[in-house]
Amino acid sequence: MARMLMSLEGVALREVELTKEYTTFGRRPYSDVVIDNLAVSGEHAAVRRVGRDMVVEDLNSTNGTFVNGRPARRQVLRHGDVVEIGRYRLHFEADAATAGDEPAPPPAAEDYSYSTLPPFRHSEMAPTFFPDTAMAGDAPPVQTGSIKVLSGAATGKSVELVKVVTTIGKAGVGVASITRRAHGFALAHVEGAAVPTVNGNAVGNAPVMLRHGDTVELAGIRMQFAQGAG
């Protein structure tokens, strides 16, 4: 099964399995993969299966879609290609039934033509949400952890960090991710003007490993991290 591994500034976010004929990416809630970021258009890009190929198409987005650093309007994906949508990177992994890792033969006269492919129809775009997952090669997580809200309307609420990646914050204000790793939990700034702090120290470009009892603050909300052995 072909898939794409989504990351942001080196932080693994989720795995997108390309099981549908059309998989759409954008800010609109009906997109298959919703990316709530102002650099991403409402209907930004799509990946469609055409024969044995997986083809990425830019849907007239404002900031464009890139493949391996180059602008792409419509392009057949090869195993290992990196698609960029805004600041997000999607690493393409082809499966055995996908011709993306082999040279593509020229289309026969009766075969498809990329310039005449039918447009996407919103009625085919039922939203599908994918579970967060680690990138391939990551060691399996062996830790348990939680984060407890200390201020704001949700004071006292505790969230168990059972997913590989848990996001906190508010889109458009400040979003951070807590990634569950084999040796602990790492906090990273994902997007937004509000930058998270750990014990009063701002989180920079690199993820920060959390320790039991650390105080995390994001957009005026204070939280406390707790960790135990799995």
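Figured I'd write up the structure that's included with this text. Not measured: the values here are computed from a predicted model.

Conventions and cut-offs
- Residues numbered from 1 in each chain as written.
- Predicted model: local features only at pLDDT ≥ 70, side-chain atom pairs only at ≥ 80, totals over all residues.
- Heavy atoms only, no water.
- Core = buried A, V, L, I, M, F, W, Y, C linked by side-chain atoms within 4.5 Å.
- Buried < 20%, exposed > 50% of the residue type's maximum accessible area, 1.4 Å probe, protein only.
- Helix = DSSP H or I, 4+ residues; strand = E, 2+ residues; numbered from the N terminus.
- Domains from an automatic or database assignment.
- Contact = heavy atoms within 4.5 Å.
- 1 Å grid on protein atoms, 1.4 Å probe; cavity = no way out; pocket = protein on both sides within 12 Å on 5 of 7 lines; lining within 4 Å.
- Points joined across faces, edges and corners; volume = space filled by probe spheres on them.
- Pairing = 2+ DSSP bridges.

The next subject is the nonpolar core. One finds Met 4 and Phe 25 to be the most contacted residues of the largest nonpolar core, which totals 28 residues. Contributions of two or more residues to this core are made by β1 (3-8), β2 (11-17), β5 (45-50), β6 (53-58), β10 (82-85), β11 (88-93) and β16 (184-191). Lining this core are residues from two domains, each supplying at least three of them: domain 1 (2-94) and domain 2 (145-227). With residues up to four places along the chain from it excluded, the contact list for Phe 25 reads Met 4, Val 16, Ser 31, Val 33, Ile 35, Glu 43, His 44, Ala 45, Ala 46, Val 47, Ile 85 and Leu 90.

Roughly 360 Å³ of volume is contained in the largest pocket. What lines the largest pocket is a set of 17 residues, among which Arg 14, Tyr 88, Thr 167, Val 175 and Glu 191 lie closest to the centre. Of all elements in the fold, only β2, β14 (165-170) and β16 reach the threshold of two or more residues within the lining of the largest pocket. In terms of residue count, the dominant contributor to the lining of the largest pocket is β14 (four residues).

Here the focus is the pairing of β5. Of all six residues in β5, five are buried; the element is thus mostly enclosed. Pairing of β5 with β6 involves six bridges; the strand directions are antiparallel. Each residue of the ladder has a partner; that of Val 47, found in β6, is Val 56. The hairpin formed by β5 and β6 contains two residues between the paired strands, and Gly 51 there has a positive phi angle of roughly 65°.

Phi angles above zero are rare outside glycine, and Asn 199 is one such case at about 55°. Tracing the chain through its elements places Asn 199 in the loop between β17 (197-198) and β18 (201-202). Asn 199 sits in the partly exposed class, given a relative accessible area of 41%.

This next bit is on the sheet that holds β11. Strand order in the open sheet made by the six strands is β2-β1-β11-β10-β7-β8, with antiparallel pairing throughout. Each of the sheet's edge strands pairs with one partner strand only, and the pair in question is β2 and β8 (70-71). Sheet analysis places β1 next to β11, joined by six bridges and oriented antiparallel. Paired with Leu 5 across the two strands is His 91, which belongs to β11.

Here the focus is the sheet that holds β14. Across the sheet, which stays open at both edges, the four strands sit in the order β14-β15-β16-β19 with antiparallel pairing between neighbours. This sheet does not close on itself; its edge strands, each paired only once, are β14 and β19 (208-209). Both β16 and β19 contribute to a ladder of two bridges, which runs antiparallel. When the sheet's bridge partners are listed, Leu 187 is paired in β19 with Val 208.

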